[in-house]
Each structure stands twice: as C-alpha cells, then as structure tokens.
Amino acid sequence: MKKSKENPIFTKSNLKFMAALSIGVGIAILFVFLILLLFGNYKFSGFNLNDDSIDLTYKIGCFLGAIIGPFWALAGIFLYYTALIYQKEDIRKSQIASEIQSFENTFFNLLNTQQELLKNIDGHFYTFKNFKHVHLNSKKGDFFRNSIQLVDVIFNSLTNKKYLGYFDQEEADYHEGIIKDRNVNHIDYEYDIKEGSLYHKKKLINKHYDITEVLWNELRTKTEYDKVCKAYEIYFLKHNHIVGHYFRHLYNIIKYIKSTKEALSKREIDFNDRKYAAFIQAQMSSYELALLFYNVLSFPKAKELIKEYKLLDNLPKDLLIRKSDFFEQSKIQLKNQSELWNKQLK
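Residues numbered from 1 in each chain as written. Predicted model: local features only at pLDDT ≥ 70, side-chain atom pairs only at ≥ 80, totals over all residues. Heavy atoms only, no water.

### Points about unusual backbone geometry
Excluding glycine, residues mostly carry a negative phi; peptide bonds, for their part, are mostly trans.
Point 1. One non-glycine residue, D210, lies in the positive phi region at around 55°.
Point 2. Its location among the elements puts D210 in the loop between α5 (189-208) and α6 (213-219). (Helix = DSSP H or I, 4+ residues; strand = E, 2+ residues; numbered from the N terminus.)

### Quick word on the pattern of salt bridges
Point 1. Within the structure shown, the criterion is met by six salt bridges.
Point 2. Of the charged contacts in the structure, one is a salt bridge between R267 and E99, with a shortest N-O distance of 2.7 Å. In this pair, R267 is assigned in the loop between α7 (224-266) and α8 (273-282) and E99 in helix α2 (residues 51-119), connecting sequence segments 168 residues apart.
Point 3. Linked by salt bridges that have partners in common, K258, E262 and E308 make up one network. (Salt bridge = Lys/Arg side-chain N within 4 Å of Asp/Glu carboxyl O.)

### Digging into the packing of α7 against helix α10 (residues 300-308)
Point 1. Between α7 and α10, whose axes approach to 10 Å, the crossing angle comes to 60°. In terms of orientation, α7 lies oblique with respect to α10. Like other packed secondary-structure pairs, α7 and α10 cross with a definite hand, here left-handed. For the pair α7 and α10, the contacting residues are Y225, Y251, I254, K255 and K258 in the first and A302, K303, L305, I306 and E308 in the second.
Point 2. Grouping the constituent residues of the contact of α7 with α10 by class yields six nonpolar, no polar and four charged. (Axes fitted to C-alpha atoms, helices over the stretch in contact; angles between N-to-C directions. Parallel < 35°, antiparallel > 145°, perpendicular 65-115°, else oblique. Left-handed = near helix turned anticlockwise from the far one by under 90°. Contact = heavy atoms within 4.5 Å. Nonpolar A, V, L, I, M, F, W, Y, C, P; charged D, E, K, R; others polar.)

### Considering α10
Point 1. Considered for burial, the residues of α10 that qualify are A302, K303, L305 and I306. Down the axis of α10, the buried side of the element spans an arc of 165°, and every buried residue falls inside it. Away from its buried face by more than 90 degrees, α10 exposes P300 and K301.
Point 2. Positioned one or two residues after α10, K310 has a phi angle of 55°, which is positive. (Buried < 20%, exposed > 50% of the residue type's maximum accessible area, 1.4 Å probe, protein only. Arc of directions from axis to C-beta.)

### Comments concerning the side chain of E104
Point 1. Tracing the sequence through the fold places E104 in helix α2.
Point 2. No salt bridge is formed by the buried E104; its nearest oppositely charged neighbour, K275, is found at 4.3 Å.
Point 3. Once you skip the residues sitting within four places of it in the chain, E104 turns out to touch K275 and Y276. (Lys, Arg positive; Asp, Glu negative; His and termini not counted.)

### Thoughts on the packing of aromatic side chains
Centre-to-centre distance and the angle between the planes together describe a pair of aromatic rings.
Point 1. For the structure shown, the criterion picks out 21 aromatic pairs.
Point 2. Here F107 and F108 contribute two aromatic rings whose centre-to-centre distance is 5.1 Å and whose plane-to-plane angle is 75°, an arrangement assigned as edge-to-face.
Point 3. Classification of F108 by relative accessible area gives partly exposed; the value is 32%.
Point 4. An aromatic cluster is present here, built from F103, F107, F108, Y256, F271, Y276 and F279 joined pairwise through their rings. (Phe/Tyr/Trp six-rings, centres within 6.5 Å; stacked < 30°, edge-to-face > 60°.)

### Looking at the nonpolar core
Nonpolar side chains tend to gather and get buried jointly when the protein is soluble and globular.
Point 1. Membership of the largest hydrophobic core comes to 67 residues, with the highest contact counts inside it found for I154, Y235, F247, I280, L291, L292 and Y294.
Point 2. Among the secondary structure elements, those contributing two or more residues to this core are α2, α3 (140-158), α6, α7, α8, α9 (286-296) and α10.
Point 3. Counting residues per element, this core draws most heavily on α7, which supplies 18 residues. (Core = buried A, V, L, I, M, F, W, Y, C linked by side-chain atoms within 4.5 Å.)

### Re the environment of L79
Point 1. Tracing the chain through its elements places L79 in helix α2.
Point 2. Distance in space between the C-alpha atoms of L79 and K16 is 6.5 Å, their sequence separation being 63 residues.

### Digging into a positive patch on the surface
Point 1. Taken together, the side chains of R274, K310, K335 and K343 present a region of like positive charge at the surface.
Point 2. Position of K310 relative to the elements: it lies in the loop between α10 and α11 (324-330).
Point 3. Looking at K310, the relative accessible area reads 49%, which means it is partly exposed. (Patch = residues over 30% accessible without salt bridge, like charges linked within 9 Å, V, L, I, M, F, W, Y side chains within 5 Å. Areas by Shrake-Rupley, 256 points an atom, 1.4 Å probe, with all protein chains shown as cover. Charge placed at Lys NZ, Arg CZ, Asp CG, Glu CD.)

Okay, here's the thing in structure tokens:
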C-alpha cells in the first residue's frame, strides 16, 4: 500500500522527534535545576518548615511548573497527533483490506462462473471417419481441442490448391471402393486412405460451413494471416452461441481486474492485478488458450487486454497453424513447446 500524502512537517517521524525533544528539554531543565539546588544555598529543614523555606519551596514549584510544564504539555500534543495519524492509517488499511476482499469475492465468483460455463459447453461437429460422414458431440475441454482441429481443417480447405466443392457421400463411397479394391499390402494403401479421408473432410467442411468457390477465389490473393482470420471467422459464426458467451465472460473478468487497478491507482493504492490474471491463465487449458489466440485476432480491444496481462505467454505455438508470417502479423509473441519447457526449468 502506498503511503498517503502527509504534511512534510507533521509526519509521524517528525512529531515523535519533537515529542522526544520536548520531553528531553524538560528533563534537562529539571536535571540542571536539581544540580543547582544541590550546590546552591537552598536548605531543606526536614518537616519543620518555617515561613521562609515554605515560600522558597513554593517559588521553586512555580518555577518548575512554568518552565518544564509547557515542554511536557507540548510533548503530549505531539504524541496525541501522532496517535491520530496512526489511527487514520489503521482506518485506511482496514478500508483498503475491505475493498480488496470485496473485489476478491466478486473475482472468484466470476472465475467459478467461468468454470461453470466450461463444464456446460456442449458442441456438435461434423467430421469424416472411415469414409463416412460422422456427427461428433463434444463437451468441456474436448470442445476446444476439436475446435482447434476444425479451424485447422477450415484453413486447409481455404488454402487448398484448387476448390474441392461440397461433400457427397456417394462420391466418398465410390472413392473408398477404388482404394479398397487395391491390395491392402500395397505400399500406397495407407497413404491413399489418409489422403482420401483428408480430401473428403475438406469437402465436408465446405458443405457444413458454406465455403463457396466465390469465397475461395476471393481469398487466393490474401495473406496467410487474412486466411487464418477468415478460417476462425467461419468457425466462430457457426459456434458463436457457445464460444461467444465463454469469451465475453472471460473478457469481462479481465476488464474487471483492469478497472479495479485503475480505480485503486488513482487513490495511490498498490494492487497486484497480474496475480489475478495469472489465476485466470492457470485455469485455462492449452486448447482454450489456442482458441483465445484466434479469437483476439478479430477483436482489437480484447487483443490489447490479453497482451497487457500476458494470458497467452504459456501457449505453445505448436498448437496453432504453422505459418511464419502469420505469427509476425499477429504481433503476439509466442514460444514453442521446447522454449516453454526451458523457461520453466530456469
């Protein structure tokens, strides 16, 4: 917590020093006076005081009270104001602690809600397996893993050397029959199966995500970065009802951290906002971070927030589409898996 502004003269240290000085001056005067009494002509005649000794004792008491009393009274004032400063600081600390506690209660409730959103995710994908059109149900973390794979396939379809058209199950069955007619021990058999499956998977994506030949032609002259952004846009428009809510809620948590930081900074209160951003990152899987990376490319304000709080620092770029100019244009610094591993070992 930063120190509140104080009058440069009436600080705690100055007040305590002045109080100690006042007490010290009073004690010094008393000490000097006692020395003078010991070596002076004043005589105390026991309990049989006469008028002269009573008068002299009265004068001594008045003298001490008039000289030493103000110094000690002044010391009391200094100590009183010192106590007020300590009390003010304690009240301020208590208020700040209460505000931080209130923030943390809200923050962790939001974080729990984010996890509930993740648990309730239930998406549907279309894929191609064993030369058949397959409907895939995907929940929780699997949804993000399948989403990353889907964005990759959409990108491959957009960047294919020629437009493949829409999926046709009869064509896939015919293609499968041709491949199976070959000897299964043929050296190219497994390769043909793999390539044939990928070929029809791209056509399946074209069909279900409405990738037309017009769109494919429009993207031919675009950069790899533009094609990646378009691939995610196609994915997002189809699954916005799931990922849209998830990412909006995530961004609002980060904005809540940032706004709290700004509000407390105006009052010169230290607030470790990075710590809370780290909590968010720690709860996200690599596939969630990867999809977040694609998402922020389409939303500049969100991108700046994510970069500011370094939420993607632990994202291995191996999970993303591997195009060198794509990473350069994204202006987000990422590391590969081995670099992240070496970073953790340091």
